Every structure is written in C-alpha cells, then in structure tokens.
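# Results of the structural survey
For reference, the chains in residue letters:
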Amino acid sequence: MTNKNPRLRKLFLKNAPKESKPQKSKSEEKEKIEKVAPPTSPLLGTYEERNMVHLQTNTAFKVLISARICSAIWSNISDCDETFNYWEPMHYMMYGKGMQTWEYSPEYALRSYSYILFHVLPALIYEKIFNPNRMLVFYFVRCLLGFSCALLETYFYKSVCRRFGIHIGRLTLLFLILSPGMFIASSAFLPSSFSMLMTILSMTAWFEKQYALAVLATALSALLSWPFAALVGLPIAFDLIVKRRELFEFCKYSLISLVVVMVPIMKIDTDAYGKIVIAPLNIVLYNVFSSNRGPDLYGTEPWHFYLINGFLNFNLAFPLALISILIAAVVVLISDKRESSQKIQYFLHLSPLYLWLAVFGLQQHKEERFLFPIYPLICLNGAFALDGIQRTMFFALKKITRMKMSGYLPQTNLVAVGIALIFTVLGLSRSFALYKGYHAPLDIYMELSKFGSQNEFGTSREINVCVGKEWHRFPSSFFLPNNRWNLRFIESEFKGQLPQPYQPGPDGTSIVPPNFNDENREERSRYFDIAKCDFLVDLNTSRLTKLEPIYADDKAKWDLIISIPYLDNERSPKLLRAFYIPYLTEESCTYASYQLLKARGKPQSRRKAKTR
C-alpha cells in the first residue's frame, strides 16, 4: 500500500535514515584541498597553476644535488679565511697538525671550535671506515656540504611553490641552480655558508608557520656560525611579536633555542681553550667595539663593491631582487580584494634582503662571503620581482587593448623565458670563467700530493713545501700527503700577520702561542730559510721585485715540475675575465704561470715537467 501511495512513499523516504558516508582523515582532507585548490599568494591571491610545467620535488632534488656535487668538485677556495680559519683547525683536530691563526689563540678566542667539530665528526667516520688519503677527506666534506645545501634548497623550493605559487617557485629554483653565487657558497667551509643554509631553513619554516623551527634555525646561525646572521631573523621576530602578538611564544622559543645551542657550544669551547669562552660574544666585541680599527685592518672596499659582486654572482637576478619591493608596491596598487595584513606579510618576506644590504653595505670592510647568508633571498626576491613585472605588464596590456584575457602567464611568458635564458648563459659563463681562470692552485697541490706515494724522500725526513706571495691560495694541509710534510712561509711583499703551526700535543688549542697580535702586524718569526725548501709553489707573472723574484728562472736551484695557466687580472679585460666567452677569452686575456718547483739537489722526480 505504501509503495502505491505517493504521499506515503514521500513521507517514508523523508524519514528514512540516510546512508552514512565513510569519514576521511584530516590528512586525506588536506591532501584533497591541496590537489583541488591552486597555490595562494598572500598578496596576489589565488590563480590557476595546476597545469603549469614545473619540477616535482624529487626531480628538483636530483638537479640540485647534481649542481652541488659539481660545486664540491670544481669550485675554487676563494677566501684564505676558509683555509686557515676552518680547514686547518679541522686538520689539526683530525691529525694533530695544522696552521693556527691569531683568532684561535686563547688570548683572543674569537672563533668557536664547535662549528669545526660539527664537520669533524662525519669526516672522522668516513676516515675510519674507508681509510682514504687526506685529500679525499677534504672532498668528502665538501660533498657533504653540497648535499646538505641541496636537501634544504629542495625543502625551500617546495615551500615557495606552496606558499607563493608554482611560477615563483620554479623561477627561484632556476636562480638557485644556475647562479655562480650558489655554486661558490654551497660547498664552502665557512660560517657564512652555514648561515646561508640556516637562512634557507628559517625562511622555509617561517613560510610554513613553523615558528619554533624558524627561531631555532636563526639561533643556530647566530650562535654556532656567525652572530651577525641574527639580522635575517628580525622580520620573523617582528611577525611573531608585533603582527601576531605572540611575545610569550617568541620568548619561549628563543630561550629554549639559546639553552639548547649555547650550552654545548660553551662546553666545547671551554674545553678547547682551557678557560670559559663565549666565542660569539668575543667576535661581536672585536668587530663592533674594538679600539684598533677591528676588521678594517684587513682592507676596505668602496660602496659599490656589493653591487658589482651581486651582479657577477647573480647577473639579472640581482637587480631584479633590488627592485622587488618596488615591484611589489606596484602590484599592490593594481590588485584588488586584498587584506592589509596579507600585504604586510608579503613585504615582511621581502625585507630580510634589504636589512642585510643596508647594514653590511654601510661597513667599510666588505667581503664576498659576507653576502652568503642572503644568497637564497636574492633568488627568491628576484623571482618575486620577475613575477610582479609579468603581472604589471598583463595589467597594462588589458587596460590598453580592453580585451578579456584569462591568465597573465600565457601573455607574458616570453619575458620570463628571455630573462631565464640570459640568466642561464651568463651564470654558466661566469662559473666556467672562475674554474678556467682560477683553479690552478688546487690542480698544483693535487700534483704535489702524488709525491707522497713515491718514497723519494725516505720515510723519516721532513719535507718543506714553501710559499711566498701565494700563501693565501694554499688550499689546506689536506693536500699534503702526511704529517712529515710542512707548509713554510718565505718572505714576500706581504707585510701582514701570517698563521703559524699549532703547538704540538693534544692540548695545543689551550696553549697561548707566542708572537700573535690582533693588529695584523708582521711577525718575522714566521719566515723560513728558502735554502731548506724542498718544494716551492709560486705564480710567475713576469713582474719581479727583490722579495718576489721569478724563481723558475733560477734553474741552478729549481726544477720545474708542472706549470698551469692562471688568469692575470691586471693584464686582462674586465668583461672577458669576468665571463668566459669561447675564443675571445683565450685570445684577449693574459695568463700567468702557476708553478710547482722542486729544489735541485733533492731526490728527483722520474716524471718530466708538465705544462698545461
């Protein structure tokens, strides 16, 4: 009866229990939202990017790790601080022998051994398992640094895509992979390189709203490597304290990070120096409050130094990064339905680059490595600017033509493709110019390391490898075969303070060595008698002085083992020495001769002299 009566049937269906649907987990719901919803920018809003060509996370990591391993193998050591303040103390901690600078004297204690120990531990594991020669340990550490960088860059790329959109993400990835700046910094054993990695981590955590991790990464950067890197964390602090009004949370994260990071550092450094030491505080006091000119003793540069350096290392991406905040302001004006809080957040994300350049640009003492911590931010800001330019062009095009257009990317892709191509060509050209022009010192010391397996000098005699004006290009004691080989300094025109060997014994780090000063005064105790040298590494530029003769011309005293071309900056055109152009660079640039010489009367090599 009920089925035949329409009214009763309708009433029955209305009151019948509904079929329950299976409940989805929060992770499944989130995954569905991410698949359906396109990326969102806090300033630019939601836009369709699901069909955009881009690299998946695992593919991006493969490309990044390939680039970083290339850096580890082929990039040069561009700063003598990397050798004498980090590779040499590491060599001492591993093998009981190395060169010490005045910063590591317990009298001054400006450097932390914690940062070095952080790298020594994996190197010791590698050394114990495989028992390689010391040069392979050197390259293992560099590869490890490159791997760490690629891993964090992948995390950064994924977060940028999710937070700001795939187009900005893929532009950022392009700038990261192909910039000469990242090629140099990613495998450098320098605190500023470690701070660069922590910048990547802190910025990514900030984008993902993982504030505890962002504060911890900033603390690691400032306390373990370089105190001045805390500057990058100021916008994060502003976001937490002012914008989100979470002062208690910020103080809690900061206090926990301070204890977790600082207590082990103080313990390690106190044991190493034999007294209570707070190395981050010491380096701030020296650089900021020193009465003897502090870092300015080591040279000053003009105001435009970082502008030139930024263009060389990032070419078009650097000027784009500099104008990113202006482009963002224009996009704000042409955008609608945007909340003011979202706009402030967007400008906060761009601000760390400007803070860093403002503070370090005002300092007279400038070095390339001082910009390392913001290298990823140059890539991100540059990508923001290029995306904003495309949006502005699309807006103008719509206003002029009064045509209905859907999507700004199809209309402006030629701009992005053109800039990407120019960036790629210039980036590869610069990286190859650095390798071809300045890699000779590493090649020379690789050749020198081969003598350790020839037993030409017996098994007990010490071998002295001497350097004069080329002391600052010594790559580290990892390129000397064993502890019988010594680096020696002969007098040259350089009149600053040179390093000296660590005091022998396990407590060498806690012994106050003689003849150190904090004023970069020459210490003549460093000089070695050239008559006792077994090998000499020198750069023959055909420009000689009384203290810097052309040693290779004295054939009665020296045999030439190998000679490798090395770019002569003073005699080469600026453009062609900065960027490699096939045929033109070889024809227009002048190359000096980087030489490995062997003292006559010493055991002779069975090989003939090589010239490359």
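Throughout, residues of each chain are indexed from 1 in the direction in which the sequence is written. Thresholds applied to this predicted model are a pLDDT of at least 70 for local features of residues and 80 or more for the giving and counting of side-chain atom pairs; totals over whole chains, interfaces and linings are not thresholded and use all residues. Excluding hydrogens and water, the side-chain values take into account all heavy atoms of the structure.

### Here we look at the state of the cysteines
In plain terms, the rule: Cysteine sulfur atoms are paired as a disulfide whenever they come within 2.5 Å of each other. Numbering goes from the N terminus for both helices and strands, where a helix is a DSSP run of H or I of at least four residues and a strand is a run of E of at least two. Relative accessibility under 20% of the residue-type maximum defines a buried residue, over 50% an exposed one, and the middle range a partly exposed one, all with a 1.4 Å probe and only protein chains included.
In the structure shown here, the tally under the stated rule is 1 disulfide. A sulfur-sulfur distance of 1.9 Å marks the disulfide that ties cysteine 466 to cysteine 533. Handedness of the cysteine 466-cysteine 533 disulfide follows from its S-S torsion of about -90°: it is left-handed. Of this pair, cysteine 466 sits in strand 4 (residues 463-467) while cysteine 533 sits in the loop between strand 6 (500-501) and strand 7 (535-540), placing them 67 residues apart in sequence. Here the two residues cysteine 466 and cysteine 533 agree in accessibility, since each one is buried.

### Some remarks on the packing of helix 4 (residues 80-95) against helix 5 (residues 113-130)
How we decide: Only the stretch in contact is used when a helix axis is fitted, and all axes are lines through C-alpha atoms; the angle between N-to-C directions ranges over 0 to 180 degrees. We call two directions roughly parallel when the angle between them is under 35 degrees, roughly antiparallel when it is over 145, roughly perpendicular when it lies between 65 and 115, and oblique otherwise. Left-handed describes a crossing whose near helix is turned anticlockwise from the far helix by less than a right angle; the clockwise case is right-handed. In what follows, a contact means two residues having at least one pair of non-hydrogen atoms within 4.5 Å.
Orientation of helix 4 relative to helix 5, taken along the N-to-C sense of each, is 55°, at an axis distance of 9 Å. For the element pair helix 4 / helix 5, the angle class is oblique. Along this stretch, helix 4 crosses helix 5, giving a crossing that reads as right-handed. Side by side, helix 4 and helix 5 meet where Asn85, Tyr86, Pro89, Met90, Met93, Met94 and Tyr95 of the first sit next to Tyr113, Tyr115, Ile116, Leu117, His119, Val120, Ala123, Leu124 and Glu127 of the second.

### Regarding the nonpolar core
For the record, the criterion: Side-chain atoms within 4.5 Å are what join buried Ala, Val, Leu, Ile, Met, Phe, Trp, Tyr and Cys residues into a set we call a nonpolar core.
Ranked by size, the top nonpolar core spans 149 residues in total, and within it Met90, Trp356, Tyr375, Leu448, Phe478, Phe535 and Leu596 carry the most contacts. No other element matches helix 6 (residues 134-164), which puts 14 residues into this core. Discounting chain neighbours no more than four positions away, the residues touching tryptophan 356 are Trp226, Phe228, Ala229, Leu231, Val232, Gly361, Phe370, Leu371, Pro373 and Ile374. Counting 9 residues, the second-largest nonpolar core is a separate cluster that includes Ile490, Cys533, Ala552 and Ala599.

### Here's the deal with the side chain of serine 105
By secondary structure assignment, the location of serine 105 is in the loop between strand 3 (99-100) and helix 5. Its relative accessible area of 0% is what places serine 105 among the buried residues. When near neighbours in sequence (up to four residues on either side) are disregarded, serine 105 contacts Gln100, Tyr273, Val512, Pro513 and Phe516.

### Here we look at the packing of aromatic side chains
As a reminder, the rule being used: Pairs were defined over the aromatic rings of Phe, Tyr and Trp, the Trp ring being its six-membered one, requiring ring centres within 6.5 Å. Orientation was assigned from the angle between planes: stacked under 30 degrees, edge-to-face over 60, tilted for the rest. Only lysine NZ and arginine CZ atoms are considered, and such an atom sits over a ring when it is within 6 Å of the ring centre and within 35 degrees of the ring normal.
All told, the structure shown has 46 aromatic pairs when counted by the stated rule. Ring geometry for tyrosine 86 versus phenylalanine 189: centroids 6.0 Å apart, planes at 55°, classification tilted. Pair noted here: tyrosine 86 is in helix 4 and phenylalanine 189 is in the loop between helix 8 (180-185) and helix 9 (191-207), with a separation of 103 residues, a long-range link. Accessibility assignment for this pair places tyrosine 86 and phenylalanine 189 in one class, buried. Aromatic side chains tyrosine 104 and tyrosine 113 sit 5.1 Å apart centroid to centroid with 55° between the ring planes, which places their arrangement in the tilted category. An identical accessibility class is assigned to tyrosine 104 and tyrosine 113; each is buried. Chaining the aromatic ring pairs together yields one cluster made of Tyr86, Trp87, Tyr95, Tyr115, Phe118, Phe138, Tyr139, Phe189, Phe194, Phe478 and Phe479. In this structure, arginine 134 is placed above the aromatic ring of tyrosine 95, and the distance from its NZ or CZ to the ring centre is 4.0 Å.

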